[in-house]
Amino acid sequence: MPLSENPLPDIAVGRHPDFGIVATNPKHLAASAWMLRGFDFHPVPGHPDLYALADQHRDGPGRATRAVDLLRRANYQIQVDAEFDTFPKAPSPVHAATPQRVQPDVAFADHPRLGIIAATTDGALAGEQLLEEHGWQPHPSLDIYTLPPATGRDQALGQVAQATAAMHRADLQVAVQPSLARDVTARRRPAPARPAPRERSPDAAARQFPSLSAAALAASPARAGLPATPPVPAPAAPAPGPRPVDPRVAFSHPH
């Protein structure tokens with residue numbers, strides 16, 4: 001089969017003989033890595049693009065199944081083992097229980113006119129509270145949440161990242177539009193501001209170059225205009241030496 005007819009998935013979920021429930025990121029997408037961390041899959045040291053589910057004893061299969069369902073709802077292409085597949089290829093027997101589809105508590109997406117919007121499922125009071133704590137406001141006529149109109153794109157992406165992290169800590173399920181997740185991942189943090197240059201005091205030269213003579217500092221234009229600066233005495237001129245003795249006087253005899 002040509003390669004174009006069998007593209008790589010965005011994320012694959014299955015079991016590993018050593019690490020249990022794992023996911024991979026075959027396309028090396030930063031957005032996929034970010035989403036996997038949000039579902040509690042963490043990188044395995046020494047195994048690039050392999051992520052293991054944390055705390056697998058805590059309903060690991062159920063959490064993996066919910067992650068697969070939410071990733072599919074966010075339009076990710078998923079390859080998954082049958083154990084975690086909410087849409088099995090083969091029809092299940094009539095008597096078999098069908099896994100219940102789980103909707104995300106909160107979903108983020110880009111709107112062409114309203115910017116980044118958020119929506120919650122009915123009864124997700126914790127999600128609504130966290131949205132409002134991070135700057136989102138209920139839209140007056142639509143069943144969604146929006147940011148204030150003056151919010152810039154970079155600030156809005158930062159608020160998505162902060163709100164998503166807070167919701168994961170509250171054990172809420174969050175879905176993010178793939179293109180929006182890529183923008184959040186690629187967002188650059190502002191460079192730290194450089195401190196303003198400090199003004200140099202008139203005596204800085206004396207501290208930095210102690211070998212400068214007092215006479216050179218006294219003649220400096222920077223020092224000459226300072227008020228109440230005592231003048232620096234110039235070095236004293238050397239005393240004149242004794243005048244040479246005229247040999248005619250030294251060796252003359254009185255008559």
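Since this is a predicted model, take the numbers as computed values, not measurements.

### Re the pairing of strand β2 (residues 20-24)
Sheet faces and side chains relate simply in a regular strand, where the side chains alternate between the two faces. With 4 of 5 residues buried, β2 lies mostly within the body of the structure. Note: strand β1 (residues 11-16) against β2, 5 bridges, orientation antiparallel. Bridge pairing links V13 to A23 in β2. From the end of β1 to the start of β2, which pair antiparallel, there are 3 residues. Bridge analysis of β2 against strand β4 (residues 50-53) gives 3 bridges, and the strand direction is antiparallel. Its bridge partner lying in β4, T24 is registered against L50.

### Topic: the layout of surface pockets
When its volume is computed, the largest pocket comes out at roughly 290 Å³. Residue lining of the largest pocket: R37, G38, F39, D40, R58, R63, R66, A67, H168, D171, L172 and Q173, and that is the complete set. Elements with a minimum of two residues in the lining of the largest pocket: α1 (30-38) and α2 (60-73). In terms of residue class, the lining of the largest pocket is made up of 3 nonpolar, 3 polar and 6 charged. Of the pockets and cavities examined, the second largest pocket occupies roughly 230 Å³. As for the second largest pocket, its lining consists of 14 residues, of which L114, G115, L147, P148 and P149 are closest to the centre. Elements represented by at least two residues in the lining of the second largest pocket include exactly β7 (115-120) and α4 (153-169). The residue makeup of the lining of the second largest pocket, split by class, is 6 nonpolar, 6 polar and 2 charged.

### Let's talk about the environment of D85
Within the secondary structure, D85 is located in the loop between β5 (78-80) and β6 (106-111). On the accessibility criterion, D85 (11% relative accessible area) is buried. With 16 residues separating them along the chain, D85 and D69 place their C-alpha atoms 8.0 Å apart. If near-sequence neighbours (up to four positions away) are discounted, D85 is found in contact with R72 and V80.

### Observations regarding the sheet that holds strand β10 (residues 174-176)
Pairing is mixed in the open sheet, where 5 strands are placed in the order β8-β9-β7-β6-β10. Taken across any chain shown, the strands that pair with only one partner, and hence form the sheet edges, are β8 (137-138) and β10. With 3 bridges joining them, β6 and β10 adopt parallel strand pairing. Across the sheet, A107 pairs through a bridge with A175, a residue of β10. Relative to the sheet, α4 contacts β6, β7 and β10, its axis offset from that of β6 by approximately 165°.

### Structural notes on the packing of α4 against helix α5 (residues 178-186)
Where α4 contacts α5, the two axes come as close as 9 Å, and the packing angle between them is 100°. Overall, the two elements α4 and α5 adopt an arrangement that is roughly perpendicular. Here R153, L157, V160 and A161 of α4 lie close against α5, whose contacting residues are L180, D183 and V184.

### Here's the deal with the nonpolar core
With 43 residues, the main nonpolar core has I11, F41, Y76, F108, L131, W136 and M167 as its most contacted residues. Per-element tally for this core: the top contributor is α4, with 6 residues. Residues contacting I11, with those up to four places away along its chain left out, are A23, T24, P26, S32, L36, L71, Y76, Q77, I78 and Q79.

### With respect to helix α3 (residues 125-133)
All of the buried residues in α3 are G127, L130 and L131. Down the axis of α3, the buried side of the element spans an arc of 105°, and every buried residue falls inside it. Among the exposed residues of α3, those oriented more than 90 degrees off its buried face are L125 and E133. Contacts made by the buried residues of α3 are with β6, β7, β9 (145-146) and α4.

Rules behind the numbers
- Residues numbered from 1 in each chain as written.
- Predicted model: local features only at pLDDT ≥ 70, side-chain atom pairs only at ≥ 80, totals over all residues.
- Heavy atoms only, no water.
- Buried < 20%, exposed > 50% of the residue type's maximum accessible area, 1.4 Å probe, protein only.
- Helix = DSSP H or I, 4+ residues; strand = E, 2+ residues; numbered from the N terminus.
- Pairing = 2+ DSSP bridges.
- 1 Å grid on protein atoms, 1.4 Å probe; cavity = no way out; pocket = protein on both sides within 12 Å on 5 of 7 lines; lining within 4 Å.
- Points joined across faces, edges and corners; volume = space filled by probe spheres on them.
- Nonpolar A, V, L, I, M, F, W, Y, C, P; charged D, E, K, R; others polar.
- Contact = heavy atoms within 4.5 Å.
- Axes fitted to C-alpha atoms, helices over the stretch in contact; angles between N-to-C directions.
- Parallel < 35°, antiparallel > 145°, perpendicular 65-115°, else oblique.
- Core = buried A, V, L, I, M, F, W, Y, C linked by side-chain atoms within 4.5 Å.
- Arc of directions from axis to C-beta.

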